[in-house]
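Structural features, examined
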Amino acid sequence: VVFRDGLYYNFYSGYDGTTWHTGLATSPDGMRWKRQGLILSPDPATWEGGYIAANGHVLERNGEFLYWYQAGTPPRIGLVRGEDPHRLTRLSEPVLECGPRGSWDEMGVADPYVVEAAGKLYLYYLGQDRARRQRLGVAVSVDGVAWTKLRANPVLELGPPRSFDEAGLGEPAVWVSEGRYWMLYTGRDRREYRRLGLAVSTDGVHWKRVSPDAALTGDQPWNEKVVCDPTVESRGDGPVRVWYGGGDAAAPAQNIDGQIGLAILSLEISGR
């Protein structure tokens with residue numbers, strides 16, 4: 001979700017039974033949404049293949065939308081951009097590739113989330129290794145196209161046994177408030193239940209979980225088993241609005257009866 005010229009734009013993922021696409025919805029207030037149609041599908045004739053061009057994040061920068069998204073097998077991160085969200089220009093190659101053999105992200109990079117700080121762009125993402133461990137890392141760029149992965153990766157490890165995030169991390173959402181970096185991320189347990197965890201950092205690289213427990217869990221039938229894929233709006237130091245995906249079935253990738261919800265996060269930072 002991004003705000004421009006008095007309107008919220010939601011670049012959301014939609015699954016048609018075989019393929020993940022990116023659709024667009026708009027809203028005057030972030031609560032009442034109207035679908036605006038399909039804006040991105042995978043191109044089978046390119047590196048993307050035919051399964052997914054979605055699961056991304058959008059920024060509005062210098063008058064244009066920049067949308068980083070997941071595509072390909074193994075998954076990599078691409079970029080489309082343009083002033084009109086219905087006429088986005090595709091880059092011909094991925095902007096973030098898998099890591100080298102033996103690295104923590106050699107089998108896939110996915111779930112991009114980009115923030116701007118001190119004139120640079122920081123891309124937080126999921127990386128998967130050959131043991132199928134999914135952890136979180138970060139890359140830095142000045143233009144959103146050429147990215148350098150940090151040597152400190154991964155920046156957030158799996159949770160301990162029997163925790164809500166013991167089996168995998170993904171879908172990070174990062175923002176700055178009260179002079180600190182904050183991250184909501186999806187944590188997955190052994191049953192494929194997913195919840196949102198909260199971590200904090202002083203530099204955006206070294207992260208610490210705020211609590212061993214999930215920060216946001218489902219409390220209704222439609223999101224009782226899956227709460228995932230957050231995007232945030234933080235204005236100043238007040239409460240943070242969180243749009244998130246929810247589902248009623250514990251499945252690793254799709255068929256969770258997914259819908260989108262809204263939550264309010266209040267940061268209790270005194271003494272931390």
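Refer to the structure above for everything that follows.
What you see is a predicted model; the values in this text were computed from it and never measured.

Conventions used here
- Residues numbered from 1 in each chain as written.
- Predicted model: local features only at pLDDT ≥ 70, side-chain atom pairs only at ≥ 80, totals over all residues.
- Heavy atoms only, no water.
- Salt bridge = Lys/Arg side-chain N within 4 Å of Asp/Glu carboxyl O.
- Buried < 20%, exposed > 50% of the residue type's maximum accessible area, 1.4 Å probe, protein only.
- Phe/Tyr/Trp six-rings, centres within 6.5 Å; stacked < 30°, edge-to-face > 60°.
- Lys NZ or Arg CZ within 6 Å of the ring centre and 35° of its normal.
- Helix = DSSP H or I, 4+ residues; strand = E, 2+ residues; numbered from the N terminus.
- Polar contact = N/O pair within 3.5 Å; in protein donor to acceptor, adjacent residues only side chain to side chain.
- Contact = heavy atoms within 4.5 Å.
- Pairing = 2+ DSSP bridges.

Quick word on the pattern of salt bridges
With the rule as written, the count across this model stands at 16 salt bridges. Here Asp-129 and Arg-133 are joined by a salt bridge, their closest N and O atoms 2.7 Å apart. Residue Arg-133 is classed as partly exposed on the basis of its relative accessible area of 40%. A salt bridge links Arg-188 to Glu-192, with the nearest nitrogen and oxygen atoms 3.5 Å apart. In this structure, Arg-188 and Glu-192 share a single accessibility class: buried. A single salt-bridge network, built from bridges that share partners, covers Asp-129, Arg-133, Arg-135 and Glu-157.

Focus on the packing of aromatic side chains
Summed over the entire model, instances satisfying the criterion amount to 12 aromatic pairs. Ring-pair connections join several aromatic residues into one group, and the members of that group are Tyr-9, Phe-11, Phe-65, Tyr-67 and Tyr-69. When the ring centre of Tyr-193 is taken as reference, the NZ or CZ atom of Arg-191 above it lies at 4.0 Å.

So, the environment of Ala-45
Tracing the backbone through its elements, the reader meets Ala-45 in the loop between β4 (34-40) and β5 (53-61). Considering only alpha carbons, one finds Ala-45 and Ala-131, 86 residues apart in sequence, at a separation of 30 Å.

Some points on the environment of Glu-48
Tracing the chain through its elements places Glu-48 in the loop between β4 and β5. Considering only alpha carbons, one finds Glu-48 and Val-80, 32 residues apart in sequence, at a separation of 13 Å. Only 2.9 Å separates the side chain of Glu-48 from the side chain of Arg-90, close enough to count as a polar contact.

Thoughts on the side chain of Gln-134
Mapped onto the elements, Gln-134 comes out in strand β11 (residues 134-141). Looking at Gln-134, the relative accessible area reads 19%, which means it is buried. Polar side-chain contacts of Gln-134 include one of 2.7 Å to the side chain of Gln-128. Residues contacting Gln-134, with those up to four places away along its chain left out, are Leu-126, Gly-127, Gln-128, Leu-158, Gly-168, Leu-169 and Arg-188.

Considerations on the sheet that holds β5
Sheet architecture is open: 4 strands sit in the order β5-β6-β7-β8, paired in antiparallel fashion. In this open sheet, the two strands that pair with only one neighbour each are β5 and β8 (89-90). Note: strand β7 (residues 76-82) against β8, 2 bridges, orientation antiparallel. Considered in β8, the bridge of Arg-81 is made with Thr-89.

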